[in-house]
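Chain residues, written in single-letter form:
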Amino acid sequence: MNIDRNLRLPARLLLAVPVAALAFSLAACSASRPTVDQVSDGLIKFFESQDQGDVLTDDAADCFAKHFVDSDLSNETLNYIAQGKDQASSTEDATLTQKILQDNYEECTA
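Treat the numbers as computed from the prediction; the structure is a model and nothing was measured.

K.L.:
Account for the overall build of the protein, naming residues and giving values.
P.N.:
Of the regular secondary structure elements, the protein holds six helices and zero strands. Along its sequence from the N terminus, the protein presents helices and strands in the succession α-α-α-α-α-α. Looking at the protein residue by residue over its 110 residues, the buried ones come to 25%. Excluding contacts between residues fewer than 6 apart, the proportion of contacts in the protein whose partners are at least 24 apart in sequence is 65%. Here the protein has roughly 7900 Å² of accessible surface; of this, 56% comes from carbon and sulfur atoms.

This is the structure:
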């Protein structure tokens, strides 16, 4: 029996524990992508908080939410929207949010 080989297995197992813990913690930190319903509810919540609840219909909120979720917006920005916040995780996301609203305004409000 090789003593060197017997020492390598426990050493490898000990190295695997921190790697697994790091991977798990990174996965836990990244927010999951909200659903269309969650984003729609957040849009309605935001407009109601601005005393403009009558501006955005449920159908319009659903339409915009679908475009948001199908876009390249980050999960973090989508979670802000789902919480009813007017917030973006980056300048790029803020610009993309405005573009999605403008590009789909006629479709979603018709």
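Okay, back to it.
K.L.:
Which residues make up helix α3 (residues 58-70), and what values do they have?
P.N.:
Side chains that are three or four residues apart share a direction in an α-helix, a result of its 3.6 residues per turn. The terminal C-alpha atoms of α3 lie 18 Å apart, and with 13 residues this matches the ideal 18 Å at 1.5 Å per residue to within 8%. All buried positions along α3 are accounted for by Ala60, Ala61, Cys63, Phe64, Ala65, Phe68 and Val69. Contact partners of the buried residues in α3: α2 (36-49), α4 (75-82), α5 (91-103) and α6 (105-109).

K.L.:
Pulling in residues and values, what's your account of the state of the cysteines?
P.N.:
Scanning all chains against the criterion turns up one disulfide. Through a disulfide, Cys63 is tied to Cys108; the S-S separation comes to 2.0 Å. The chirality of the disulfide connecting Cys63 with Cys108 is left-handed, given an S-S dihedral of about -65°. With Cys63 in helix α3 and Cys108 in helix α6, this residue pair connects regions lying 45 residues apart in the sequence. When sorted by exposure, Cys63 lands in the same class as Cys108, which is buried.

K.L.:
Before we move on, can you summarise the nonpolar core with the specific residues and values?
P.N.:
Val39, Leu43, Leu56, Phe64 and Phe68 are the most contacted members of the largest nonpolar core, which totals 16 residues. Aside from chain neighbours lying at most four places away, what touches Leu43 is Leu56, Ala61, Phe64, Ala65, Phe68 and Ile81.

K.L.:
How would you explain a negative patch on the surface if you had to name every residue and give the values?
P.N.:
There is a patch of like negative charges on the surface, built from Asp37, Asp41, Glu48, Asp58, Asp59 and Asp62. For the negative patch, the secondary-structure elements that each account for two or more residues are α2 and α3. Residue position: Glu48 is located in helix α2.

K.L.:
Explain α4 to me, using residue names and the numbers behind them.
P.N.:
Residues of α4 that are buried: Thr77, Leu78, Asn79, Tyr80 and Ile81. Structurally, α4 contributes buried residues whose contacts are with α2, α3 and α5. Positive backbone phi, at 80°, marks Gly84, one or two positions downstream of α4.

K.L.:
Explain unusual backbone geometry to me, and be specific about the residues and the numbers.
P.N.:
Unlike most non-glycine residues, Asp51 shows phi in positive territory, near 55°. Relative to the helices and strands, Asp51 resides in the loop between α2 and α3.

About the thresholds
- Residues numbered from 1 in each chain as written.
- Predicted model: local features only at pLDDT ≥ 70, side-chain atom pairs only at ≥ 80, totals over all residues.
- Heavy atoms only, no water.
- Helix = DSSP H or I, 4+ residues; strand = E, 2+ residues; numbered from the N terminus.
- Buried < 20%, exposed > 50% of the residue type's maximum accessible area, 1.4 Å probe, protein only.
- Contact = heavy atoms within 4.5 Å.
- Areas by Shrake-Rupley, 256 points an atom, 1.4 Å probe, with all protein chains shown as cover.
- Expected span 1.5 Å × (residues − 1).
- Disulfide = S-S within 2.5 Å.
- Core = buried A, V, L, I, M, F, W, Y, C linked by side-chain atoms within 4.5 Å.
- Patch = residues over 30% accessible without salt bridge, like charges linked within 9 Å, V, L, I, M, F, W, Y side chains within 5 Å.
- Salt bridge = Lys/Arg side-chain N within 4 Å of Asp/Glu carboxyl O.
- Lys, Arg positive; Asp, Glu negative; His and termini not counted.
- Charge placed at Lys NZ, Arg CZ, Asp CG, Glu CD.

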